[in-house]
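Each chain is listed here by its residues.
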Amino acid sequence: MSGLGPERLSLNTATLREQWTLAQCIEGCARHGIGGISPWRDKLHEMGTRTAARAIRDAGLQVSGLCRGGWFTESGAIDQGVVDDNRRAVDEAAAIGAECLVMVVGGLARGSKDLPRAWDLVEEGLARTLEHARGAGVKIAIEPLHPMYAADRACVNTTAHALDICDRLGGGIGVALDVYHVWWDPDLAAQIARAGSARIMAFHVCDWLVPTRDLLTDRGMMGDGVIDIPRLRGLVEAQGFDGLAEVEIFSDRDWWRRDPDEVLATIVDRGRTAC
């Protein structure tokens, strides 16, 4: 299948987190012809939500998502602080016109080995957030993370598990599929078909390097690793997903050390040749 032009790409600001502010990312995307942006909340707060929303709109960018809400499990209960922070995240997503609020749900509670309890907390937290999100017109997207993160970042590790939660919670919630986290799953094609266009809310791209030197911060640029990104893109597009492909690369040994314009130029090139 043919690659993606820059207008079909979105920059997740984690890709340039060490080099640029959100304002610089917005300007850089517009200059390189990249069609969208997905801010992380710390960068959004630095700039100010209203100022950022205006700058994004003035640059003509789409907002493929806001990263991130979630983190429901750490204390072993859903406390009011977590609820309030996720409601603020929903309001921020609405303010910038984000396609969805991406949820990294949290792992085991501190000192706990009780994985089923963590799953229950996640579902409770998502249900309470969803009440507010529906009123605000914001879609909630569960991001299943690779199983290596089950203990400390996200105890929802397969697309099937995420969709089971969506089935129980109803409308307004779906999945954000990051190829880095889901490419290995032998059931992925069937689960993407199960999700359908209504529940595939985001599609994130990068690559899995071999060897991987750090499981969190050694992601590869598209085309530098072993993930068949065009195949996975074909699967989501076959279900009707027509959103932007969001480039999210954590890379403290490589891409976070490079000139940001070089990074964006490479993203544009790899969109055409490796996506």
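See the structure printed just above.
Residues numbered from 1 in each chain as written. Predicted model: local features only at pLDDT ≥ 70, side-chain atom pairs only at ≥ 80, totals over all residues. Heavy atoms only, no water.

Participant: Break down the overall build of the protein for me, with residues and values.
Facilitator: Scanning the protein from terminus to terminus reveals 10 helices and 9 strands. Against the 2.2 N^0.38 benchmark of 19 Å for 275 residues, the protein shows a C-alpha radius of gyration of 17 Å, consistent with a compact globule. Along the first, second and third principal axes, the C-alpha set of the protein runs to 45 × 40 × 35 Å. Pairs at least 24 residues apart make up 80% of the contacts formed inside the protein by residues separated by at least 6 positions. Put simply, the protein shows about 10900 Å² of open surface, and 48% of that area lies on carbon and sulfur atoms. (Helix = DSSP H or I, 4+ residues; strand = E, 2+ residues; numbered from the N terminus. Rg over C-alpha atoms; globule rule 2.2 N^0.38 Å. Contact = heavy atoms within 4.5 Å. Areas by Shrake-Rupley, 256 points an atom, 1.4 Å probe, with all protein chains shown as cover.)

Participant: Go over the packing of aromatic side chains, please, and point to the residues and values.
Facilitator: Considering all chains together, one arrives at 5 aromatic pairs under this definition. Ring geometry for Trp40 versus Phe250: centroids 5.9 Å apart, planes at 75 degrees, classification edge-to-face. Of the two residues, Trp40 sits in the loop between strand 2 (36-38) and helix 2 (41-47) while Phe250 sits in the loop between strand 9 (245-247) and helix 10 (260-274), which places them 210 residues apart along the sequence. Look at Trp40 and you get buried, because its relative accessible area is 13%. Plain terms: the ring middles of Trp183 and Trp208 are 6.0 Å apart, the flat faces sit at 50 degrees to each other, and that makes the pair tilted. With a gap of 25 residues between them, Trp183 in the loop between helix 7 (179-182) and helix 8 (188-199) and Trp208 in the loop between strand 8 (200-205) and helix 9 (229-238) connect regions that are remote in the sequence. Chaining the aromatic ring pairs together yields one cluster made of Trp40, Phe250 and Trp256. Directly above the ring of Trp255 sits Arg258, whose terminal nitrogen or CZ lies 3.8 Å from the centroid. (Phe/Tyr/Trp six-rings, centres within 6.5 Å; stacked < 30°, edge-to-face > 60°. Buried < 20%, exposed > 50% of the residue type's maximum accessible area, 1.4 Å probe, protein only. Lys NZ or Arg CZ within 6 Å of the ring centre and 35° of its normal.)

Participant: Lay out the pattern of salt bridges in plain terms, naming residues and giving numbers.
Facilitator: What the rule picks out here adds up to 21 salt bridges. Here Asp261 ties to Arg31 by a salt bridge, and the two come within 2.7 Å at their closest N and O atoms. Of the two residues, Asp261 is situated in helix 10 and Arg31 in helix 1 (residues 22-32); the sequence distance between them amounts to 230 residues. Since its relative accessible area comes to 26%, Asp261 is described here as partly exposed. When the shortest N-O distance is used, the salt bridge between Arg194 and Asp164 registers 2.7 Å. (Salt bridge = Lys/Arg side-chain N within 4 Å of Asp/Glu carboxyl O.)

Participant: Break down the side chain of Arg199 for me, with residues and values.
Facilitator: Here Arg199 is to be found in helix 8. Owing to a relative accessible area of 18%, Arg199 belongs among the buried residues under this scheme. Within the structure, the side chain of Arg199 is placed 3.4 Å from the backbone oxygen of Arg194, a separation counted as a polar contact. Look past the residues within four positions of Arg199 in its chain and what remains in contact with it is Leu163, Cys166, Asp167, Ile173, Gly174, Val175 and Arg194. (Polar contact = N/O pair within 3.5 Å; in protein donor to acceptor, adjacent residues only side chain to side chain.)

By themselves, these figures tell us nothing about what the structure is for.
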